[in-house]
Amino acid sequence: MLKMALGRLALALPMLFVVATATFFLQQLVPGDPGSFILGKDATPAEIRQFDASLGVNRPVLAQYGSWLGGAIRGNLGTSWTSHSPVTQTLLAAAPVTLSLAVLAMIVIVPLAVALGTAAALNRGTLDRFLQGIAGFAIALPNFWIGTGLVLLLAVDLRVFPATGYTGLSDPAQWLRSLALPVAALAIGPVMGLALQVRGAMIDVLSKDYIRSLRAAGLPTRSVLFRHALRNSMAPVITTIGFQLLGLLAGAVVIEQLFNLPGIGTVLVTSVSAHDVPLVQGAVLLFAGVVVAVNLLTDIAAAVLNPRVRGR
Amino acid sequence: MLAAPAPEAAAPAGAALRQPAATRWRRVLRSPASAASLLWLLGVVVVSAFASALAPYSPIQQSLTALFQGPSARHLLGTDELGRDVLSRLMFGGATLLWGSAEATAIAFALGVPAGLLAGYAGRTPDRVLSWVADLSFALPAFIIVVALAVIYPQNVLILMGALGVISSGGVLRFTRNLTRAVRDELYVDAARVAGLTRRQILTRHILPVITPPLVVQACLGMSVGLIVLASLSFLGLGTNPATPNWGQMIYDASQQITTDPWLMVPGGAALALTVIALNVLGSSVRDLAPGTGPASRPRPRARRRADLLPDPATPAETASAIGLLEVRDLSVAFPAGARDRSQPVVDRVSFTVRAGETLGLVGESGCGKTMSVLSIPGLVPAPGIVSGGSISFDGTELARAPRQALRRIRGSRIGYISQDPMAALDPSFTIGSQLREVIRRHSGCSRREARARCERALGEVGIADPAATGRLFPHQVSGGMAQRVAIARALAGTPELLIADEPTTALDVTVQAEILDLLRELKERRNMALIVVTHDLGVVADACDRVVVMYAGQIVEQGSADQVLATPRHPYTVGLLNSMPGGRPAADRLDAIPGAVPAPQDWPSWCRFEPRCPMAADACRAGAVHLVQAGPGRRTRCVRAAELAAAAKA
C-alpha cells in the first residue's frame, strides 16, 4: 500500500517537472517583448529596454530557465511583471479562496450524489426517471449560466446571498454566505453527473451474485445495501470523484470571475489578460501540482476500496 | 478532459456486436430521443453553415432605438443591449463552437486512437511507453493550460482548441487501449490469429468494428465537453473575437444585463444546453447498442407456439404418507414478457417434496428452470421475476406468499443457499473472516470476540487447514475450491435445516469437485440436514442423492428415487442425460448425446416440450400437452411412450 503510494509519487514528480518545463518554454513563445505590451504605446524605446532589462527577459533563455527552475524548487516563482510582488505570495494569498470553493463543493457533491444515486438505483421508478431527466439538463448547462441564474434568483430578487465578493474565514458565517452561490453553481452539474455514476454502479452491484448470497445468508437489508452494495459500488465511483474534483478547478476559474472572487482562477485570468508571464506560469504550475496530488489521492482511495488493486 | 479516461472500459462482448452497421444505426434512429437529437444537431449544423443566408439580420448590426425588446414578430427572440437581433446572433453563434469542439475532438481521436490500438495490440514496450505518455497528459490541467495559452494566442480558437485536443488525446489513448485489450483476448480474435490473418487484417476486420461504437460514444461526449470548454473561454473573454458572437459570449453579455433583461440569458443557454444534451443522448443511444441492452435482444413472445398453461389434471401426491420438511406444490415462476401484463413462465407447475435429512437432486440442462425453482424457496427470485403460482410449505409455514420480513427470518437460519460460482458469491471488498463473522453475529447475536472463535471453528469444520490465516484473506486470494468451502461455512453459519446447493461443483476443477461433494455429504450427515442439489451432472446424483427430479423446459419430466431413475429411466430426456455422461452406460437406443438445445421459454411447444429433440418422437407426442403420470411406486414421468421405455429396459 505504502509502496504503491510511493511508486505513484515517484511517477508524479517527474511529471510535475515536465509540466513546469513545458509551461516555461511555452511562455517564451509570447510574441513581442513584455515592456512594449505592459508599458503601452506611450513608452519610449529606452523605457521599454530598461523595463525588459529589469525583468531579465533579454538574458539567454536557458539561463532564465535555470534561475526560474532553481527558484521554483525553493518555492520562489519569481516576481510579477505588473505588480512586482512575489508570485508565490500572490498565489498563496489567493489559494484559500479557491480551496474553500473546491472543498465546500466536494462536501456538497459527494454525499448528495451518493444519496441521490443510491435512491434512484433502489427505486427504479419515478425518482429514477426524474433524476435522469434533471441530470441531462444539469450536466448540459454551463456552470456560468447556472451561476447567473442563481444570482438573479437568490441575490437580486430574493437578496438571500450576496451577488459577488468574498469574505475571509475570519467571519465564518459571512464566509459561508459569500460562497453559497458560487458553490451551488459549481456543484449542481457535478452532483447530477456523479449521481448517475453512483446509480449505474449500484444497479450493477445489486445484480451481483454475492448480494444474493448475502441475502440468502440472512443478512438484513440494511447491511446488504449500505455495507456491502454501497461499498462495492464506491470503487468505480471514486475515480469519477477524482475527475470531478479536477473539473471543479477548471470550473472555479470561471465561477471566480462570475462572482468576483479573488482566487487563483482570477489571478490566472487577469495575469493572462495583462501578459504577466511569471504569474501565469506560477498559477499553471500550482494547478498542475494540485492535479498530480488529486490523482495520487484518487489512486490511493481506489486502492483502499478495492483489495484487488491493493495487493499489487 | 475531453474524453474522461474510463479506467474500467466496459469490455465489449465482441462477437455479439458484429452485425451489419446499417442495422445498428437504424436501431439508433428508432428511439425518438436519439432521432430528435440527431435532428437538432443536423439543424444546428445547417443553420450555422448557412447563417448568412438564413439569418434575418446581421449579428452585429446595432439599433439603438430598439434595445432590450422582448420576442416579437420583427425579432423572434428579441434584441439585446445594443439592439442587435438575438435570433441572428444565435444563428451565427454556433459555428465557432461547433468548429472548435470538432477540431479538438478530431485531433484527440486522430492522435489517441492509433496510439491506443498500438498500445493495446502491439505488445509490452509500446504499451508501457504510450501509457506513460497518457499518464503524463492526466497530470496536465487541460483547461488551465488552454487559458494560459491565451496569453500567446489571444482569441485564436484554432490553436486553443487544438491544444485541448492534444492534451485530451491521452484519455482517448487510454480508452482505446483498454477496449482493444478486451477485444484482443476474445476467442474469435485468437481464432483469427491462429487462422493466419495478418496483424493489419485482424485490426481492421476484427478489432476496429467492435471498438467503433464505444469510440463514437466517447467522441459525442468529447464534442459536448469541447463545446462547454470553448463557451467557458468565451465567457472569460479569451475564446473568440467579440466581433463574431458565439453562444458563450452571448451568455456573458446577457449576464451583464441580468437585472435589466433576464430573458437574454435564455436563448444562448438553451442553444448550448440543447446541443450538449443532443450529443449526450446520441452518445448514450449508441452505447445502448451493446449486446444485451438493446431492444432487439429482448425476446419477443410468440403467441402462436406458447405452451398451454392449463393445470395438470393429475398431480398425484408423491407419497401420500410422509409429510416432508419442504413441500413444493404446483410452483410457477414467471417473468414479464413484451407487452404489458403479459408474463412468461420459466418454471411451470413444479411439485416436489424434501424430507428432513434427505438429499434431493434437481437435474437438467441450463435453462430448464432449476435455479429459478430453488431460488423461489427462500424468496430470492431476481426481479422482475415473481412466483406466479403454487405453494411452498416449509415445516408448515407457507413461503410463497410470506411477507418479506418472515422470509428474511428464515434465510440463513433455517434455509441456507450456496450458489454456482463461489468466487462471485463472496463479497470482494471484505475479508473472508469479516463476512463470515457478520453472518455468525447476525444469527447468534454473540460478541465480536465470540464471533471470531466461532468463525475459526466454522472454517475448520469445512476443512480449511489454517482458519485464522484464511480469515484474513480476501476472496480473490483463495482458490475456487477454498472459496466454495467458505461459502458453505457462511451458508451453514445459522445452522439451517435445509441447504440449497445450486450447481455447487460446476465452476470448480474436476479434482476439487469430488472433495466439495464429499464435504457436503459429510456435513449433511453430521447435521442431519436436508439438501437440495441442483446439477446437470447425473454423476453427482448417483453419488449424493436419495431422490431425483429431472426438469426440462420449466417442467418436471421425471421423478423418483435416485436408484430407480438412474437404473431404469422412464423418460427419453433422462436417457439422453445418462448417455451424455462420460463413462455412462451404452443405451438401449441410438442416443449418444441429446442433439439441439433447450428452447427459450417463449419457444416452448404446446405439446411435449422435449419432442423436437426426442429420438422417440411420434405423432402422439404432438397431439397435445403431456401430463406427469404415475409410473410405479414413488415414480412419475411425463412421456406418452414411457411404457415402451420400460419394456425396452426389461428386454
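Up top is the structure these notes are about.
Just so it is clear, the structure is predicted and the values come from calculations on it, not from any experiment. (Residues numbered from 1 in each chain as written. Chains lettered and ligands numbered in written order. Predicted model: local features only at pLDDT ≥ 70, side-chain atom pairs only at ≥ 80, totals over all residues.)

Novice: Looking at this model, I keep getting lost on helix α8 (residues 142-149) of chain B. Mind explaining?
Specialist: Residues three or four positions apart in an α-helix share a direction because the helix packs 3.6 residues into each turn. Most of α8(B) sits inside the fold, with eight of its eight residues counted as buried. Among the residues of α8(B), those classed as buried are B:Ala142, B:Phe143, B:Ile144, B:Ile145, B:Val146, B:Val147, B:Ala148 and B:Leu149. (Buried ≥ 20, exposed ≤ 12 C-beta atoms within 10 Å, placed from the backbone. Helix = DSSP H or I, 4+ residues; strand = E, 2+ residues; numbered from the N terminus.)

Novice: Explain the interface of chain B and chain A here, please?
Specialist: Often, the extent of an interface is quoted as the loss of accessible area upon association of its parts. Listed by partner, the interface residues are 62 residues for chain B and 62 residues for chain A. Considering each element in turn, the side of chain B that touches chain A owes the most residues, seven residues, to helix α13 (residues 265-287) of chain B. The residue makeup of the side of chain B that touches chain A, split by class, is 41 nonpolar, twelve polar and nine charged. (Contact = placed C-beta atoms within 7 Å. Nonpolar A, V, L, I, M, F, W, Y, C, P; charged D, E, K, R; others polar.)

Novice: When you look at unusual backbone geometry in this model, what are you seeing that I'm missing?
Specialist: Trans peptide bonds make up most of the peptide bonds, and negative phi angles are found at most residues other than glycine. The omega angle of the peptide bond from B:Ala383 to B:Pro384 is 5°, so this bond is cis rather than trans. Tracing the chain through its elements places B:Pro384 in the loop between α14 (370-375) and β4 (386-394). At A:His275, a residue that is not glycine, the phi angle is positive and equals roughly 55°. Even without being a glycine, B:Ala553 presents a positive backbone phi close to 50°. Relative to the elements of secondary structure, B:Ala553 occurs in the loop between β9 (547-552) and β10 (555-561). Residue classification places B:Ala553 among the buried positions, given that 25 C-beta atoms sit within 10 Å.

Novice: Even after reading the chapter, I still don't get the sheet that holds strand β7 (residues 498-502) of chain B, so can you show me in this structure?
Specialist: Backbone hydrogen bonds are what pair the strands of a sheet, in a parallel or an antiparallel way. Residue and element names in this part refer to chain B. Overall, mixed pairing links the eight strands, which are arranged β6-β7-β8-β3-β9-β10-β12-β11 in an open sheet. The open sheet has two edge strands with one neighbour each: β6 (415-418) and β11 (629-630). Relative to strand β12 (residues 636-637), β10 is paired through two bridges, and the arrangement is antiparallel. Bridge pairing in β12 places glutamate 558 opposite threonine 637. Those strands touched by helix α24 (residues 572-579) are β3 (359-363), β9 and β10, and its axis lies near 105° from that of β9. (Pairing = 2+ DSSP bridges. Axes fitted to C-alpha atoms, helices over the stretch in contact; angles between N-to-C directions.)

Novice: What am I meant to see in the pairing of strand β1 (residues 326-336) of chain B here?
Specialist: In regular strands, side chains alternate between the two faces of the sheet. Residues and elements named next belong to chain B. Sheet analysis places β1 next to strand β2 (residues 343-354), joined by eight bridges and oriented antiparallel. Bridge pairing links valine 328 to phenylalanine 352 in β2. With seven bridges connecting them, β1 and β4 associate as antiparallel partners. Each residue of the ladder has a partner; that of valine 328, found in β4, is isoleucine 392.

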